[in-house]
Each structure stands twice: as C-alpha cells, then as structure tokens.
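Chains, contacts and geometry: an overview
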Amino acid sequence: MSLQSAPIMTHPARLLAMLHSHAVSHGEQHCHLLSDRVITYRRLWSRIERASARLQCEWGVAPSDTVAYVGTGHPDAIVLYAASYMVRKINDRHAEPEGAPEHTVRRFIADVWPMAVSVFVVGSLLLSEPDMGAFMVIAMIAMGLLFLGGISGKLFGALIGLALSSFAMIIILSPFRRERIFAYLDPWREDFAAGKAYQLTHSLMAFGRGEWFGVGLGGSVEKLHYLPEAHTDFILAVIGEELGFVGVTVVIAIFYWIVRRAFLIGRTALQLDRSFAGLVAKGIAIWIGWQAFINMGVNLGLLPTKGLTLPLVSFGGSGLVMNAVAVAILLKIDYENRILMRGGKI
C-alpha cells in the first residue's frame, strides 16, 4: 500500500512505519510533507481515543464501535439522542412553577424545534443519497418519542399532518419516486414489470411459489439472481418461497413478540422512574417495529418499494452490528429493571 492510498483512520504507529519505508525507497526529501501529515493524524487519533475512552467508561461503548457509530445517522444514535432530549424536557417541566400553561403553541415549538433541526439535517443527508426509507424510519422514531414524552395531542396531530405533507411533496417533486409509486399501483404492466416493478413482481412470484408450506429450505429459485437484493431487502420473499405462508407467519409473530417485549421493558423502566432507559427501550421498539413493517409491506406489495432491510434477519455488516447493539441495550435495561424490582441497586 502506498502512503497516498493509506486510510486516514490508520493508527499513527503504522503510518510512521510506512513513512520510514517510503523514505528508504524514495529519499528523505519527499517525506517532509508526509511527516507533517502523520503528526496531524496523531493528534486526531489521540482525540478520538480520548472520546472513545470516555464513551467506554460512561456508556460501555467499545472504542472499535465508536467510529461506526458517530456521524452515520443510524437509528440507534437517533434513539439515544431523542430519549436524552425528551428526558431533559420532562425534567424542565417538573421544575416549572404550578399554574404554568401546559400546552401552548409557543411551548410546543420550543420543545420540538431542536429535534426538528436534527432530524432535518440527518434527513437532508439521507435524501441526498437518496435513501427516503431510512429518513422515514428516523422521522418516525423522533415523532414517536415526542408523543411518548407527553406533548399535546392536537399539536402532535398537526405535526403528523406536516410530516405527511412533506413526504408527499418530496415524492411529487422527485420524478423517479413518482415512477416508483405508479409502478407500485400497477406492477404487472409490461413496461413496469421489466423496470421499476421488477423486484416487486418477482417478490410476489416468490410468495406464490411458496404457497402454504414452501418449497423447502434451499429450494428457492428467485434467489438465484432473479430477485435482486434477495439476501437483504427482499429476504422475506425468499423465506416465503422456501417456508411458505407458515414460515412468514412465524417471522411476523417473532417480530411482534420482540416489539411488544421492548415496549413492556420500557413501561417497566418508566414505572421505576427510569425515564431515559424507558424512552430508549420504547424508541428501539418503534425503530424495529416500523422498519420491519415497511420491509414486510414492500415484500408483500402493500407498500411502494423501499430499500430497507429486515432487522436482525437481512444480510449485512454494520446494520447487523447496530441491531445487536440495540438488543444488548434492551437486555441491559431489562436486567437493571429486575435488579431494582428485587430491591437491589444499580
């Protein structure tokens, strides 16, 4: 590997070794600028290590996960931020004097705008990819935690109307999204079946082949490069083809149990006056439930095609790691709840 192609996140010791090798082969005069670069990288790395150590001590997040976590706009990070924000707002309300107005437009705006700005920034980055499906999941998490945080029902209804109008405008102003909607409405039309609705039609054919009990594990034909993204976005179609209606029903029941259990863990935490832990658990439930709902709806032809994976099932790297992190957080909250209910301390 040449120094020019070395990744920025390489450890400074490795960069110094590469610098020495480069000096031997190309002469010392070419290495002054690269030496300055190594010093800059060393300073950057030391800051990252300090931040990682703090996260490891205070949150239990390993340094190796920090780089994958920061700046991704992943639902895990959104859940933690939104839960922390709502806890601060709840504490501010409890500190207010009695008789203060509870539900006003000014107060609603003051409560919502910081989170709205955060969602807008992350959403703008996701839409520029473009990835509207991930933006919808993040917006749903933020709105769900706002609702659980106790904002006014009428104003929350107005917020839902604004969000739906925004998504409608995004679709109307985007030609390829409009074509995807038209293909979803009539997937078997010849030009759509060979174009925008190609994945949907092959997904439906996979479910049709599976019938009640499927063709057996490993017997799927659609996953043999007929159905694109059969291992990620359309994994449920392959499950339907190989395990049939019964297999799909079992998968849906498992996700229902996970989401319900996460909500129960969150409710128990709130009853134990653990507001942050309770909102985090419920935020994870909203995330997993909403993303699974969209993925299943897309596979079954109930929703327009979106590029969202099925949590804990679809093939992936960082996505599966973050799914595992979310489950670990749920288990940690449930473990602490059980200790407190037995009279212990955490």
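Every chain is numbered independently, its residues counted from 1 as its sequence is written. Only residues with pLDDT of at least 70 are given local features in this predicted model, and only at 80 or more are side-chain atom pairs given and counted; all residues enter the totals for whole chains, interfaces and linings. To get the side-chain values, take all heavy atoms of the structure and skip hydrogens and water.

Moving on to the overall build of the protein chain. Only runs of H or I of at least four residues qualify as helices and only runs of E of at least two qualify as strands under DSSP, and these elements are numbered from the N terminus. Per the secondary structure count, the protein chain includes 13 helices and zero strands. Taking all 346 residues of the protein chain together, 39% fall into the buried category. The contact criterion used is simple: two residues touch if any of their non-hydrogen atoms lie within 4.5 Å. Partitioning the contacts of the protein chain with sequence separation of at least 6, the portion at a separation of at least 24 is 63%. Method for areas: the Shrake-Rupley scheme with a 1.4 Å probe, in which residue coverage is limited to the protein chains shown. As presented, the protein chain carries roughly 19800 Å² of accessible surface, and 65% of it is formed by carbon and sulfur atoms. Here's how the labels work: a residue is buried when its accessible area is under 20% of the maximum for its type, exposed when over 50%, partly exposed in between, all with a 1.4 Å probe on protein chains only.

The subject of this paragraph is the pattern of salt bridges. When a carboxyl oxygen of Asp or Glu lies within 4 Å of a side-chain nitrogen of Lys or Arg, that pair is called a salt bridge. All told, the structure shown has seven salt bridges when counted by the stated rule. Here glutamate 242 ties to lysine 223 by a salt bridge, and the two come within 2.9 Å at their closest N and O atoms. Taken as a pair, glutamate 242 in helix α11 (residues 235-271) and lysine 223 in the loop between α10 (198-210) and α11 lie far apart in primary sequence, 19 residues in all. Judged by relative accessible area, which is 35%, lysine 223 ranks as partly exposed. Notably, a salt bridge pairs aspartate 334 with arginine 261, separated by 3.4 Å at the nearest N-O pair. In this pair, aspartate 334 sits in helix α13 (residues 318-341) while arginine 261 sits in helix α11, placing the two residues 73 residues apart along the sequence. The exposure class assigned to aspartate 334 is buried, which follows from its relative accessible area of 15%. Salt bridges sharing common partners tie together Arg261, Asp334 and Arg338.

Looking now at the side chain of glutamate 222. Tracing the sequence through the fold places glutamate 222 in the loop between α10 and α11. Among buried charged residues, glutamate 222 stands out as having no salt bridge; its nearest opposite-charge side chain is arginine 209, 6.4 Å away. Setting aside anything within four residues of it in sequence, one finds glutamate 222 in contact with His202, Met205, Ala206, Leu227 and Glu241. Charge assignment in this entry is limited to Lys and Arg as positive and Asp and Glu as negative, and neither His nor the chain termini are counted.

By definition here, a helix of n residues has an expected span of 1.5 Å times n minus one. Its 13 residues place the ends of α10 19 Å apart at the C-alpha level, agreeing with the 18 Å of an ideal helix rising 1.5 Å per residue. Those residues of α10 that sit buried are Leu200, Thr201, His202, Ser203, Ala206, Phe207 and Gly210. Glutamate 211 sits one or two residues past α10 and shows a positive phi near 50°.

A few words on the confidence of the model for the protein chain. In this model, the protein chain carries a mean pLDDT of 79, and residues with pLDDT of at least 70 account for 75%. For every residue, the predictor states its confidence as a pLDDT score lying anywhere from 0 to 100. Per-element confidence in the protein chain is highest for α11, whose mean pLDDT is 96, and lowest for helix α3 (residues 63-69), whose mean pLDDT is 36. Under a pLDDT of 50 for its full length, residues 1-13 has, in the predicted model, 23 contacts with residues more than four places off or in other chains. Predicted confidence for residues 58-72 stays below pLDDT 50, and this span has 18 contacts to residues more than four positions away or in other chains.

Okay, the packing of helix α7 (residues 153-172) against helix α8 (residues 175-185) next. The axes used here are C-alpha line fits, helices contributing only the stretch in contact, and every angle between their N-to-C directions lies in the interval 0 to 180 degrees. Taken N-terminus to C-terminus, the directions of α7 and α8 make an angle of 100°; their axes are 6 Å apart at the nearest point. Considered as vectors, α7 and α8 are oriented roughly perpendicular to each other. Of the residues in α8, those in contact with Ile170, Ile171 and Ile172 of α7 are Arg177, Arg178 and Ile181. Each residue receives one of three labels: charged for Asp, Glu, Lys and Arg, nonpolar for Ala, Val, Leu, Ile, Met, Phe, Trp, Tyr, Cys and Pro, and polar for the others, Gly being one of them. Looking at the contact of α7 with α8 residue by residue, the classes come out as four nonpolar, no polar and two charged. Each angle receives one of four descriptions, namely roughly parallel if under 35 degrees, roughly antiparallel if over 145, roughly perpendicular if within 65 to 115, and oblique otherwise.

Quick look at α11 now. Between its first and last C-alpha atoms α11 spans 38 Å; for 37 residues at 1.5 Å apiece the expected length is 54 Å, and the helix comes up short by more than 12%. Bend at a residue means the angle formed by two fitted axes: the first through the 7 residues ending at that position, the second through the 7 residues beginning there. At leucine 243, α11 shows its largest kink, close to 130°. Looking at the residues trailing α11, positive phi occurs at aspartate 273, about 65°.

Of note is the side chain of aspartate 334, whose polar atom sits 3.0 Å from the side chain of arginine 338. Residue contacts for aspartate 334: discarding those within four places in its chain leaves Arg261 and Ile265. N or O atoms within 3.5 Å of each other form a polar contact, as long as, within protein, one can give a hydrogen and the other can take it, and as long as residues adjacent in sequence are counted only when both atoms are side-chain atoms.

Right, let's get into a nonpolar patch on the surface. Patches in this entry comprise residues that are over 30% relatively accessible and not in a salt bridge; like charges within 9 Å are linked, as are nonpolar side chains (Val, Leu, Ile, Met, Phe, Trp, Tyr) within 5 Å. Residues Ile109, Trp113, Val117, Phe120, Val121 and Leu125 make up a contiguous nonpolar surface patch of about 650 Å² in total accessible area. Positionally, isoleucine 109 belongs in helix α5 (residues 105-127).

With that out of the way, let us pick up the packing of helix α12 (residues 275-299) against α13. One can describe the packing of α12 onto α13 by two numbers: an axis separation of 10 Å at closest approach and a directional angle of 140°. Judged by the angle between their axes, α12 and α13 are oblique. As α12 packs across α13, the resulting crossing turns out to be left-handed. Contacts between α12 and α13 involve Ala277, Val280, Ala281, Ile284 and Trp287 from the former and Met322, Asn323, Ala326, Ile329, Leu330 and Ile333 from the latter. Its residues assigned to classes, the contact of α12 with α13 shows ten nonpolar, one polar and no charged. Here a crossing is called left-handed whenever its near helix is offset anticlockwise from the far helix by less than a right angle, and right-handed whenever the offset is clockwise.

Structurally, valine 238 can be placed in helix α11. Overall, the relative accessible area of 8% leaves valine 238 in the buried class. When the C-alpha positions of valine 238 and glutamate 222 are compared, they lie 7.2 Å apart, and in sequence the two are 16 residues distant. For valine 238, the contacting residues outside a window of four places in its chain are Ser220, Lys223 and Ala230.

For the rest of this paragraph, the subject is unusual backbone geometry. The phi torsion of most residues other than glycine is negative, and most of the peptide bonds are trans. Non-glycine residue glutamate 211 carries a positive phi angle of around 50°. Look at glutamate 211 and you get exposed, because its relative accessible area is 59%. Although it is not a glycine, histidine 225 sits at a positive phi angle of roughly 70°. Locating histidine 225 in the fold gives a position in the loop between α10 and α11.

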